[in-house]
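Chain by chain, the residues run as shown.
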Amino acid sequence: MIRRMKLFNNIGSFLREITDPDETPDELLAERYGETITPNMRALRLAMTVADYLLSMGVPVSDVVGTALDITGRYCKRKVSIDISSTVMMFSQYRGNDREPLTLIRTSVARSVNSSTIQSLEEISHDIHAGKLSLEQAEKQLEDVLDNPKQRPLWLVTVGNGAISAGVGALLSGSLLIIAATFIVGGFISYVLVKLAARQMPTFFVQVVAATISTIVAATLTWLGNHGVSQLAGLNPNLIIIGGIVMLVSGLAIVGAVEDAIDEYYVTAMARILRIVMMTAGIIVGIALGLFVAKHIGVHMVVNTNAPLLNTLSWQYVGAIMIAAGYALSVHARLKGIILAGLIGAASWGVFVLASANFSSVVSSFIAATVVGGVATLLSRLLRTPSTIMITAGIIPLVPGLTLFNGLMVLIIGNTDTNIQVGSGSSLLLTALLIALAIAAGATLGNLIARPIRRTLVRAQNALPRRNLRG
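Residues numbered from 1 in each chain as written. Predicted model: local features only at pLDDT ≥ 70, side-chain atom pairs only at ≥ 80, totals over all residues. Heavy atoms only, no water.

## Examining the pairing of strand β1 (residues 80-85)
Applicable threshold: Buried, partly exposed and exposed residues are distinguished by accessible area as a fraction of the type maximum, computed with a 1.4 Å probe on protein chains only: under 20%, between the cut-offs, and over 50%, respectively. Elements are defined by DSSP. Helices are runs of H or I of four residues or more, strands are runs of E of two residues or more, and each kind is numbered from the N terminus. By the convention used here, strands pair only if DSSP detects at least 2 bridges between them.
Of the two faces of β1, only the one carrying V80, I82 and I84 is buried; S81, D83 and S85 on the other face are not. Inspection of the sheet shows β1 paired to strand β2 (residues 88-93) by 6 bridges, in the antiparallel sense. Pairing of D83 across the sheet is with M90, part of β2. Hairpin remark: β1 followed by β2, antiparallel, with 2 residues in the connecting loop; positive phi at S86, about 60 degrees.

See below:
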């Protein structure tokens with residue numbers, strides 16, 4: 001066997017190699033990967049694994065970095081610098097003038113959102129930061145969480161996604177027929193999405209397939225209603241498509257992208273924004289394909305941009321609760337997380353309705369999202385639920401699905417309403433974009449305001465005297 005030539009720093013290392021070539025300094029031996037890995041390297045590996053999973057599920061970069069620094073700050077003797085650019089994570093540690101710096105690089109691959117996993121990772125980080133776990137205990141807990149993730153059965157996840165679509169039907173119409181139809185369509189699309197994701201199909205094409213299915217199903221139900229099925233007569237197909245669009249729009253991605261931009265992680269923010277753009281483009285292509293098929297089966301889709309929300313306010317709250325709780329269920333949230341999400345969804349819609357009496361939809365959405373961000377952040381630590389998941393659940397009822405759909409329809413099939421001015425498709429899409437940005441910015445602002453308040457409350461709680469119940 002030919003041995004690779006070595007470089008020696010000094011004459012001493014050269015002589016040691018000649019006298020005993022199999023001898024390895026203890027310091028180098030301790031830095032090898034394997035059973036003799038150092039506690040410092042183990043801590044870096046632990047922190048990077050936690051950061052990898054959080055980043056891959058769409059958690060804002062600032063939260064990911066903060067969680068990783070809590071781990072390295074407890075277990076590493078020397079300071080660690082963490083930089084995240086898009087999907088690339090780099091952990092760098094300066095180890096003094098007599099030793100080379102240590103740098104670890106890992107690429108994070110997108111994973112489906114799992115609220116229980118996010119919460120478990122945050123709990124491990126909190127316990128590490130509080131000094132409750134040794135390095136060995138933390139490694140064991142992390143291994144248990146990742147090897148045995150808590151997941152809902154597929155049928156229950158399908159029910160959660162169906163509830164999102166049904167909530168949109170309740171929010172916009174209050175018709176039991178629309179609610180039932182959107183629930184079935186949403187559940188079916190959810191099942192298809194899971195199967196396509198398992199085959200590692202790119203997200204763009206997944207969005208195309210889902211939007212196409214939603215449009216074709218809506219057109220088919222309309223055709224049946226026009227050809228003798230009295231139960232489906234007068235069914236508004238637009239609401240079914242809107243339900244599918246809202247389910248496809250990633251609220252967590254929008255919030256994460258805006259928060260990353262505010263925190264000056266511009267590369268990651270732009271990457272996430274570009275992903276959202278591609279997802280939206282997939283929706284547009286899917287609707288266009290669905291409309292093409294609908295045209296060939298004799299179904300004419302009409303754009304109605306003046307359709308108001310249901311006047312019955314109680315149905316609007318029912319819809320908001322269904323959307324928020326359904327999202328929490330679809331991302332494997334715990335039972336108390338699902339209940340909290342439903343309450344936050346109702347609260348966000350209530351604030352939006354009150355604000356709409358005096359402000360525009362953009363400003364009202366910003367106010368409602370700010371309240372959601374603050375409330376979710378304050379309650380998340382108390383109820384041990386991920387704040388990012390609760391924020392997303394609360395803002396999904398505010399997502400401008402109707403405005404987005406109408407803008408897309410005007411651009412795709414043109415103006416079909418004499419009340420619509422030329423170029424209004426672009427105006428509607430711009431309004432939808434402004435509302436989405438207002439929602440994301442408001443949620444981020446509420447989160448930033450509530451964080452120091454939450455830290456103060458936690459410190460005050462920890463400072464309270466403990467009663468000795470045994471005495």
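## Some remarks on the packing of helix α15 (residues 361-383) against helix α16 (residues 387-395)
Keep this limit in mind: For helices, the fitted axis covers only the stretch in contact; all axes are lines through C-alpha atoms, and the angles between them, taken along N-to-C directions, range from 0 to 180 degrees. Note: crossing handedness is left-handed where the near helix turns anticlockwise from the far helix by less than a right angle, and right-handed where it turns clockwise. Only heavy atoms enter the contact rule, under which two residues are in contact if any of them lie within 4.5 Å. All residues other than Ala, Val, Leu, Ile, Met, Phe, Trp, Tyr, Cys, Pro, Asp, Glu, Lys and Arg, Gly among them, are scored as polar; the first ten of these are nonpolar and the last four charged.
Between α15 and α16, whose axes approach to 9 Å, the crossing angle comes to 150 degrees. Pair α15 / α16 crosses with right-handed handedness. Every residue of α16 that contacts α15 at A369, V372, G373, A376, T377 and S380 is listed here: S387, M390, I391, G394 and I395. Its residues assigned to classes, the contact of α15 with α16 shows 6 nonpolar, 5 polar and no charged.

## Focus on the sheet that holds β1
Ordered in space as β1-β2-β3, the 3 strands form an open sheet in which the pairing is antiparallel. Looking at which strands have only one partner, the edges of the open sheet turn out to be β1 and β3 (102-107). Shown here is a sheet whose adjacent strand axes are inclined to one another by a mean of 15 degrees, direction ignored. Together, β1 and β2 form the strand contacts of helix α4 (residues 61-75), whose direction differs from that of β1 by roughly 155 degrees.

## A few points about the confidence of the model for the chain
Rules: Confidence of the prediction at every residue is given by pLDDT, a number between 0 and 100.
On average, the chain scores 79 in pLDDT, and the residues at 70 or more come to 81%. Throughout residues 1-8 the model reports pLDDT below 50, and contacts reaching past four residues in sequence, or to other chains, amount to 6 contacts. Scored below 50 in pLDDT, residues 18-34 makes 15 contacts in the model with residues more than four places away or belonging to other chains.

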